[in-house]
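Now for the letters of each chain:
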Amino acid sequence: MNLASTLVGVAIMGASAPSMMQMSLAPHEAQLRAKNLGIAESSAVVYAATYEGRTDIPSNTDVCTSEARDGTENAYSVTCTHGTGKYVQSVTRAFRLAVPDKGLNESDGTSVTRTFANATPNRYSGHSCPYYDAWGTNGYNDQYYEVMNGACIPLDAWTQTAYQFSDPNAWLYDINNYNGWGEHPDYAS
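All of the points below concern the structure found in this document. Counting of residues starts from 1 at the beginning of each chain's written sequence and follows it residue by residue. Where totals are concerned, whole chains, interfaces and linings use all residues; where local detail is concerned, this predicted model gives features only for residues with pLDDT of at least 70, and gives and counts side-chain atom pairs only at 80 or more. As a convention, hydrogens and water are excluded, and side-chain values are obtained from all of the structure's heavy atoms.

Considerations on the state of the cysteines
No. 1: Count a disulfide wherever a pair of cysteine sulfur atoms falls within 2.5 Å. What the rule picks out here adds up to two disulfides.
No. 2: With its sulfur 2.0 Å from that of its partner, C64 forms a disulfide with C80. Negative torsions about the S-S bond denote left-handed disulfides, and the value of about 110 degrees found for C64 with C80 makes this one right-handed. One end of the pair, C64, is in strand 1 (residues 64-68); the other, C80, is in strand 2 (residues 75-82), and 16 residues separate them in sequence. Side by side, C64 and C80 carry an identical accessibility label, which is buried. Helix and strand definitions follow DSSP, with helices as H or I runs of at least four residues and strands as E runs of at least two, each counted in order from the N terminus. Here the term buried applies to any residue with accessible area under 20% of the maximum for its type, exposed to any over 50%, and partly exposed to those in between, with areas from a 1.4 Å probe on protein chains only.

Here it is, written out as structure tokens:
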């Protein structure tokens, strides 16, 4: 009986050894992939943060490559890769360069039919104006324009709904067609 049990045990071990070996290597392979993904992720985040809001075109590195995104202006995606062989991991992140300053009086093809108390900012940051200075005209933009890489976005232009329900007679500067949301319904009146 012992000889038969031994032979059966040896046969089972011989048949299952390759799968046992694979199971013992799986955690190590997963750890290598996770490590490479972490390195690629941190490289992509640092790369995107370095160029976010700047005006210079990003350059490729030995780890990361960037390319302009189709159909967008000043938007790029960066793909960073780390690892070798079957452990290669890639991460893609998107970022946007700053929109270069435009002159305040440049025409975009629409006729201006209103005058406002303040000049329209050249560019906007991604930050909303604070409630105590809802248009940034009481010193907020003067203080933070360079740091935030543009003027704060007025509360009336923070969302499309807020824009459409705002009153152009109460605007402190022209935000008509802000963010491509079309001419305000009450702008001409």
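The rest of the description comes next.
Some thoughts on the pattern of salt bridges
No. 1: What counts as a salt bridge is simple: a side-chain nitrogen of Lys or Arg found within 4 Å of a carboxyl oxygen of Asp or Glu. A complete count under the given rule lists three salt bridges for this structure.
No. 2: Taking the shortest distance from any N to any O, the salt bridge between E29 and K86 comes out at 3.4 Å. With E29 in helix 1 (residues 2-51) and K86 in the loop between strand 2 and strand 3 (89-96), this residue pair connects regions lying 57 residues apart in the sequence.
No. 3: Residue class for E29 comes out buried when judged on its relative accessible area of 11%.
No. 4: Using a relative accessible area of 53% as the deciding quantity, one classes K86 as exposed.
No. 5: With its nearest N and O atoms 2.6 Å apart, the salt bridge here joins R93 to E41. Taken together, the residues R93 in strand 3 and E41 in helix 1 connect sequence positions 52 residues apart.
No. 6: E41 gets classed as partly exposed once you look at its relative accessible area, which sits at 26%.

Section: the sheet that holds strand 3
No. 1: The criterion for strand pairing is that DSSP finds at least two bridges linking the strands in question. Taking strand neighbours across the sheet as the criterion, the three strands line up as 1-2-3 in an open arrangement whose pairing is antiparallel. The open sheet is flanked by strand 1 and strand 3, the only strands paired with a single partner. Within the sheet, the average angular offset between the axes of one strand and its neighbour, ignoring direction, is 20 degrees.
No. 2: In terms of strand pairing, strand 1 meets strand 2 through five bridges, oriented antiparallel. By the bridge assignment for strand 2, A68 is matched with Y76. Fitted lines through C-alpha atoms give the axes, limited to the stretch in contact for helices. The angle between two N-to-C directions lies from 0 to 180 degrees.

A closer look at the pairing of strand 2
In summary, the side chains of a regular strand alternate between the two faces of the sheet.
No. 1: Counting the residues that bridge the hairpin from strand 1 to strand 2 gives six residues, and of these G71 lies at a positive phi of roughly 75 degrees.
No. 2: Here strand 2 folds back onto strand 3 in antiparallel fashion, the turn holding six residues, of which G83 has a positive phi close to 115 degrees.

What to know about the packing of aromatic side chains
No. 1: Side-chain rings of Phe, Tyr and Trp (the six-membered ring for Trp) are treated as a pair once their centres are within 6.5 Å; stacked means planes under 30 degrees apart, edge-to-face means over 60, and tilted covers the remaining angles. If you walk through the whole model with that rule in mind, you get 13 aromatic pairs.
No. 2: With centroids separated by 5.1 Å and ring planes inclined at 45 degrees, the aromatic side chains of Y47 and Y51 adopt a geometry described as tilted. Here Y47 and its partner Y51 are both found in helix 1, four residues apart, which amounts to about one turn of the helix.
No. 3: Given the relative accessible area of 7%, Y47 is considered buried.
No. 4: Classification of Y51 as buried rests on a relative accessible area of 12%.
No. 5: Summarising the aromatic geometry, the rings of F116 and W171 are spaced 6.3 Å apart at their centres and angled 25 degrees between planes, so their arrangement reads as stacked. Placement of F116 in the loop between strand 3 and strand 4 (124-128) and of W171 in the segment after helix 3 (160-164) is noted, with a sequence separation of 55 residues between them.
No. 6: Its relative accessible area of 4% is what places W171 among the buried residues.
No. 7: Connected via pairs of aromatic rings, a cluster forms that spans F116, Y124, Y163, W171, Y178, W181 and Y187.

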